[in-house]
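# Chains, contacts and geometry: an overview
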Amino acid sequence: MQPNPSLRSAVATEDVQIAAAAHVLVRARRVVVLTGAGMSAESGIPTFRDAGGIWSMFDPDEVATPRAFERDAGKVWRWYAERRRSMAGARPNAGHVALAALEARFAARGGSVTVVTQNIDGLHRAAGSRNVVAVHGDIHRTRCFDCRADGGEAGAHDASTVAPPRCPACGGRLRPDVVWFGEALPMAAVGRALRAIRACDVLVSVGTSGEVEPVASFPLLALEHRAVLIEINPAPTPLSAHAEHVVRAGAATALPALVEACA
Ligand code: OAD
């Protein structure tokens, strides 16, 4: 069988892009890796805006806003309980593992890798990354909708399938500790993310459509501070035009190849 020439050139382009990106990365001291839902796609967790994604099946206004919780707290609680159940078997993929290895390697030579993630699945930490800033919260934790007190592990309450459990501090309703549409991001996390972004030499954007603010503007802030932008995403995004190196491949393939090429 004849090799498919267009496939061959796509693979060659990807290898060339990975080599070029590695050339930049290996010279960096401070790196930020900004991740979105595509990072966990190969762990079996669906993205939001791809075909068949979460927002093609559910209206965010019905399940991911404070208004939705006020309207029907039980429905929102159950929706997140179901998402937790569907994620329960998800494991870090080779991309998560590669990022943890990159962080250890940079730390050993006095540099840093900070993962700024929009994902609420906890897979970066599960893979061994330590320097993780989860700017959209954590689906495995709860807090009080009324007094904002920490409500502990969500799994501890998963028997509550009808209504949200009660806050141990004020008796209010517990909610998942995630950011909903129309809400501010947690200030401490944003502060950490912005400090890392202003100081980084390279920002690697992985698996995010770049459509949700304020995170969509984080790479532009890095550019203003003269960082080099690398994008890893099988599909074009609004960021692509700003990136010096674009790798059109999935995270679980591209990140191990990139980290290996930096060795
Ligand atoms: P999106 O669903 O908007 O975008 C996912 C991106 O991942 C797309 O650009 C895909 O091309 C890319 N992608 C798909 N498979 C991939 C793979 N295997 N490897 C790498 N990339 C892949 O998800 P986010 O950008 O994360 O917020 O969305 C941002 C926020 O919107 C989420 O945090 C969530 C959502 O509403 C809240 O719920 C607050």
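## Some thoughts on the overall build of the protein chain
If you tally the helices and strands in the protein chain, you get 10 helices and nine strands. Taken over C-alpha atoms, the radius of gyration comes to 19 Å for the protein chain, in line with the 18 Å a tight globule of 263 residues would show. If one aligns the C-alpha atoms of the protein chain with their principal axes, the spans along those axes are about 60 × 50 × 30 Å. A burial count over the protein chain gives 48% of its 263 residues as buried. Counted over contacts in the protein chain with a minimum sequence separation of 6, partners at least 24 positions apart contribute 67%. For the protein chain, the exposed surface amounts to about 12,500 Å²; the carbon and sulfur share of it is 56%. If you average the places of the 28 positive and of the 26 negative side-chain charges in the protein chain, the two averages end up 5 Å apart.

## Comments concerning the packing of aromatic side chains
Scanning the entire structure with this criterion turns up eight aromatic pairs. Considering the side-chain rings of Trp 55 and Trp 79, the 5.9 Å spacing of their centres and the 15° angle between planes classify their relative orientation as stacked. With Trp 55 in helix α2 (residues 54-57) and Trp 79 in helix α5 (residues 73-87), this residue pair connects regions lying 24 residues apart in the sequence. Here Trp 55 and Trp 79 have matching classes, each one buried. With a centroid separation of 5.3 Å and an interplanar angle of 70°, the aromatic rings of Phe 58 and Trp 79 are classed as edge-to-face. Of this pair, Phe 58 sits in the loop between α2 and α3 (60-63) while Trp 79 sits in helix α5; the two residues are 21 residues apart in sequence, bridging distant segments of the chain. Look at Trp 79 and you get buried, because its relative accessible area is 10%.

## A few points about the site of the ligand
Taken together, 23 residues lie near the ligand, and Glu 42, Phe 48, Thr 208, Ser 209 and Asn 233 sit nearest. Here Phe 48 contributes a backbone N or O atom positioned 2.7 Å from an oxygen atom of the ligand. Within the side chain of Trp 55, a nitrogen or oxygen atom sits 2.9 Å from an oxygen atom of the ligand. When the ligand sits alone it has 800 Å² of accessible area, and the protein chains cover 92% of it. In terms of residue class, the shell around the ligand is made up of 10 nonpolar, 10 polar and three charged. Here the shell around the ligand spans two domains, and each of domain 1 (21-45 + 92-136 + 185-263) and domain 2 (46-86 + 142-178) adds at least three residues to it.

## Remarks on the domain arrangement of the protein chain
Considered domain by domain, the protein chain is made up of domain 1 (21-45 + 92-136 + 185-263) and domain 2 (46-86 + 142-178). Put simply, the middle of domain 1 and the middle of domain 2, counted by C-alpha atoms, are 27 Å apart. Taken together, the contact between domain 1 and domain 2 spans 10 residues of the former and seven residues of the latter. Interface area, domain 1 with domain 2, both sides summed: about 630 Å², of which 67% is carbon and sulfur. When the buried surface of domain 1 facing domain 2 is broken down by residue, Ala 37, Ile 45 and Ile 120 rank first, second and third, together holding 55% of it. Where domain 1 meets domain 2, there are one salt bridge.

## Describing the nonpolar core
One finds Val 31, Val 204 and Leu 255 to be the most contacted residues of the largest nonpolar core, which totals 27 residues. Elements that contribute at least two residues to this core include exactly α1 (5-25), β1 (30-35), α6 (94-108), β7 (202-206), β8 (228-232) and α10 (251-261). Not counting residues within four places of it along the chain, the set of residues in contact with Leu 255 comprises Met 39, Gly 95, Ala 98, Leu 99, Val 206 and Ile 232. Of all hydrophobic cores here, the second largest spans 23 residues; its members include Val 135, Ala 193, Phe 218 and Leu 239.

## Looking at the environment of Ser 43
Structurally, the position occupied by Ser 43 is in the loop between β1 and α2. When the C-alpha positions of Ser 43 and Pro 92 are compared, they lie 6.2 Å apart, and in sequence the two are 49 residues distant. The residues touching Ser 43, leaving out its near neighbours within four places in the chain, are Ala 90, Arg 91, Pro 92, Asn 93, His 96 and Leu 123. Separated by 2.7 Å, the side chain of Ser 43 and the backbone oxygen of Arg 91 make a polar contact.

## Quick notes on the sheet that holds β1
Spatially, the six strands line up as an open sheet ordered β3-β2-β1-β7-β8-β9, and their pairing is parallel. Looking at strand neighbours, the two that pair on one side only are β3 (132-134) and β9 (245-247), the edges of this open sheet. Strand-to-strand twist of the sheet, defined as the mean angle between neighbouring strand axes without regard to direction, takes the value 15°. Bridging between β7 and β8 involves five bridges; their strand directions are parallel. Bridge assignment links Val 204 to a residue of β8, and that residue is Ile 230.

What counts, and where the lines are drawn
- Residues numbered from 1 in each chain as written.
- Predicted model: local features only at pLDDT ≥ 70, side-chain atom pairs only at ≥ 80, totals over all residues.
- Heavy atoms only, no water.
- Helix = DSSP H or I, 4+ residues; strand = E, 2+ residues; numbered from the N terminus.
- Rg over C-alpha atoms; globule rule 2.2 N^0.38 Å.
- Buried < 20%, exposed > 50% of the residue type's maximum accessible area, 1.4 Å probe, protein only.
- Contact = heavy atoms within 4.5 Å.
- Areas by Shrake-Rupley, 256 points an atom, 1.4 Å probe, with all protein chains shown as cover.
- Lys, Arg positive; Asp, Glu negative; His and termini not counted.
- Charge placed at Lys NZ, Arg CZ, Asp CG, Glu CD.
- Phe/Tyr/Trp six-rings, centres within 6.5 Å; stacked < 30°, edge-to-face > 60°.
- Near = heavy atom within 4 Å.
- Polar contact = N/O pair within 3.5 Å; in protein donor to acceptor, adjacent residues only side chain to side chain.
- Nonpolar A, V, L, I, M, F, W, Y, C, P; charged D, E, K, R; others polar.
- Domains from an automatic or database assignment.
- Buried area = accessible area lost by both parts, 1.4 Å probe.
- Salt bridge = Lys/Arg side-chain N within 4 Å of Asp/Glu carboxyl O.
- Core = buried A, V, L, I, M, F, W, Y, C linked by side-chain atoms within 4.5 Å.
- Pairing = 2+ DSSP bridges.
- Axes fitted to C-alpha atoms, helices over the stretch in contact; angles between N-to-C directions.

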